[in-house]
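# Examining the three-dimensional arrangement
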Amino acid sequence: MFYKRQGYPEEDEVVLCKVSKIFPNAVFVDLLEFNSSGIVHISEVSPGRIRNLRDFVAVDRQIVCKILRVDREKGHIDLSLRRVNSTQRREKLDEIKQEIKAEQLVSNLAAKLKRKPEELYKEIGQKIFKDYSHLSLCFKDVVSDEVDLEKLGIDKTLAKELTEAVIEKFKPKKIEMDGEIRLQTYTNDGIEKIKMTLAAVEKVSPTIRLSYLGAGRYKLRIEEVDYKEVEKTYRLVEEVVSKFVDKVSTAIVERQKAAEEE
């Protein structure tokens, strides 16, 4: 990784480390996001009694730890492995994964422009890191059109090349779910009731698309950037459609398939 932060991490911060040495009562680690090293005492590796630290860690293995104490005068950093929960570990690894993805994009662009990756990364980073902690966070804002790289101070030609590369690489994948809505009613104002229900469905989310299939059947398509949002939108559609039902009206919502599309 090119990415390095200046100074020391803060207490309680979650960081990615690499095991450098293992002693009977402690593990020495390098903090990969800093030019620093630290110690994980045996009591902070795992709950309970530990007979052999090598049953839990190995030299050169990457581990996610939490900062316990930082002595800036002495340059000592104490960390904990056992105090990092699964959510924190997953979020940190995803953060690093996204940053590596951003760095690879810069390396690929450097090859295209016949420049050294380290030099291009430094040039881009000097501008972006004034406003962002990570390249990947900036690149996501580029995709959503919330930031203009040229306005951040990056050379116009380079900003154009970088923006095109970022949009191609960081554009979120779309998750699609297709389903069907079937509405039937015998009320005098049945057509108006159906129109109001379909309008309410479309208001649930701008990612919803409806099309008429015939005989009270309507195709439902939901597009979101992740499965959780798809499921959330689908449940809201079910709630809206359920309100259509009464003594002379029936309604059914069925999902047909869920597919991932780039």
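Preceding block: the structure.
Now for a look at the structure at hand. Note on numbering: residues in each chain are counted from 1, in written sequence order. Where totals are concerned, whole chains, interfaces and linings use all residues; where local detail is concerned, this predicted model gives features only for residues with pLDDT of at least 70, and gives and counts side-chain atom pairs only at 80 or more. Side-chain numbers here rest on the full set of heavy atoms in the structure, without hydrogens or water.

Numbering goes from the N terminus for both helices and strands, where a helix is a DSSP run of H or I of at least four residues and a strand is a run of E of at least two. Scanning the chain from N- to C-terminus turns up six helices and nine strands. Taking 18 Å as the expected radius of gyration for a compact globule of 262 residues, we find that the chain reaches 26 Å, considerably beyond that expectation. Projecting the C-alpha coordinates of the chain onto the three principal axes gives extents of approximately 85 × 55 × 25 Å. Put simply, the chain has 262 residues, and 39% of those count as buried. Surface exposure here means Shrake-Rupley accessible area, sampled with a 1.4 Å probe, where a residue is shielded only by the protein chains that are shown. For the chain, the exposed surface amounts to about 16300 Å²; the carbon and sulfur share of it is 48%. Charge assignment in this entry is limited to Lys and Arg as positive and Asp and Glu as negative, and neither His nor the chain termini are counted. Throughout, a charge is located at the NZ atom of Lys, the CZ atom of Arg, the CG atom of Asp or the CD atom of Glu. Charge centroids of the chain, computed over 49 positive and 48 negative side chains, lie 3 Å from each other. Two things to know: the radius of gyration comes from C-alpha atoms, and the globule rule equals 2.2 Å times the number of residues to the power 0.38. Residue burial is assigned from relative accessible area. The probe radius is 1.4 Å, only protein chains are included, and a residue is buried under 20% of its type maximum, exposed over 50%, and partly exposed in between.

Below, the discussion takes up the packing of helix α1 (residues 86–113) against helix α4 (residues 156–170). Helix axes are fitted only over the stretch in contact, all axes being lines through C-alpha atoms; the angle between N-to-C directions runs from 0 to 180 degrees. Contact geometry for α1 and α4: axes closest at 10 Å, N-to-C directions at 135°. One way to sum up the angle between α1 and α4 is to call them oblique. Considering only the axes of α1 and α4, their crossing is right-handed. Here Q98, K101, A102, L105, L109, K112 and L113 of α1 lie close against α4, whose contacting residues are L158, E161, L162, A165, V166, K169 and F170. Charged means Asp, Glu, Lys or Arg here, nonpolar means Ala, Val, Leu, Ile, Met, Phe, Trp, Tyr, Cys or Pro, and polar covers whatever is left, Gly included. Grouping the amino acids of the contact of α1 with α4 by side-chain chemistry returns nine nonpolar, one polar and four charged. Should an angle fall under 35 degrees it is called roughly parallel, over 145 degrees roughly antiparallel, and 65 to 115 degrees roughly perpendicular, with every other angle called oblique. Note on convention: the crossing is left-handed when the near helix lies turned anticlockwise from the far helix by less than a right angle, right-handed when the turn is clockwise. Any two residues whose heavy atoms approach within 4.5 Å at even a single point are treated as in contact.

On to the pattern of salt bridges. One speaks of a salt bridge when a side-chain nitrogen belonging to Lys or Arg is within 4 Å of a carboxyl oxygen belonging to Asp or Glu. Taken as a whole, this structure holds 17 salt bridges when the rule is applied. Two residues, K160 and E164, come together in a salt bridge whose shortest N-O distance is 2.8 Å. Residue K160 and its partner E164 are located together in helix α4, separated by four residues, close to a single helical turn. A relative accessible area of 54% means that K160 is categorised as exposed. The closest approach of N and O atoms between D178 and R221, which form a salt bridge, is 2.7 Å. Pair noted here: D178 is in strand β6 (residues 174–185) and R221 is in strand β8 (residues 217–224), with a separation of 43 residues, a long-range link. Judged by relative accessible area, which is 4%, D178 ranks as buried. A relative accessible area of 24% means that R221 is categorised as partly exposed. Linked by salt bridges that have partners in common, E180, R182, R217 and E254 make up one network.

What follows is about the side chain of S249. Considering the arrangement of structural elements, one finds S249 in strand β9 (residues 249–261). Note on S249: relative accessible area 2%, which makes it buried. Reaching out from S249, the side chain makes a polar contact with the side chain of T185 at a distance of 2.6 Å. The contacts of S249, once residues within four sequence positions are left out, are Q184, T185, T187, K193 and F244. The definition of a polar contact used here is a pair of N or O atoms within 3.5 Å, where within protein one atom must be able to donate a hydrogen and the other to accept one, and adjacent residues in sequence count solely through side-chain atom pairs.

Here a pair means two rings of Phe, Tyr or Trp (six-membered ring of Trp) with centres within 6.5 Å. Their orientation is stacked below 30 degrees between planes, edge-to-face above 60, and tilted elsewhere. The final tally for this structure, using the stated rule, is six aromatic pairs. Ring geometry for F2 versus Y121: centroids 5.1 Å apart, planes at 50°, classification tilted. Linking F2 in the segment before β1 (14–23) with Y121 in helix α2 (residues 117–128), this pair joins segments that are 119 residues apart in sequence. Given a relative accessible area of 8%, Y121 falls into the buried group.

Two cysteines form a disulfide when their sulfur atoms are joined by a covalent bond. A pair of cysteine sulfur atoms is labelled a disulfide when the two atoms are within 2.5 Å. Counting across every chain of the model gives zero disulfides. Counting only cysteine sulfurs, C17 is the nearest neighbor of C65, a cysteine outside any disulfide, at a range of 4.1 Å. Relative accessible area serves as the criterion here: at 0%, C65 is assigned to the buried category.

With that settled, consider the sheet that holds strand β4 (residues 62–71). Judged by pairing direction, the barrel is mixed, and its five strands sit side by side in the order β1-β2-β3-β5-β4 before closing back on the first. Ignoring strand direction, the axes of neighbouring strands in this sheet form an average angle of 50°. α1 contacts β1 and β4 of the sheet and is inclined by roughly 100° relative to β1. Criterion used throughout: strands pair if DSSP finds at least two bridges between them.

For the rest of this paragraph, the subject is α4. Multiplying 1.5 Å by the residue count of a helix minus one yields the expected span of that helix. Taking 1.5 Å of rise per residue, the 15 residues of α4 would be expected to cover 21 Å, and the 20 Å separating its terminal C-alpha atoms lies within 8% of that figure. Looking at the buried residues of α4, the elements they touch are α1, α2 and α3 (135–143). Two or three places before T157, at the opening of α4, D155 has a side-chain oxygen 3.1 Å from that residue's backbone nitrogen.

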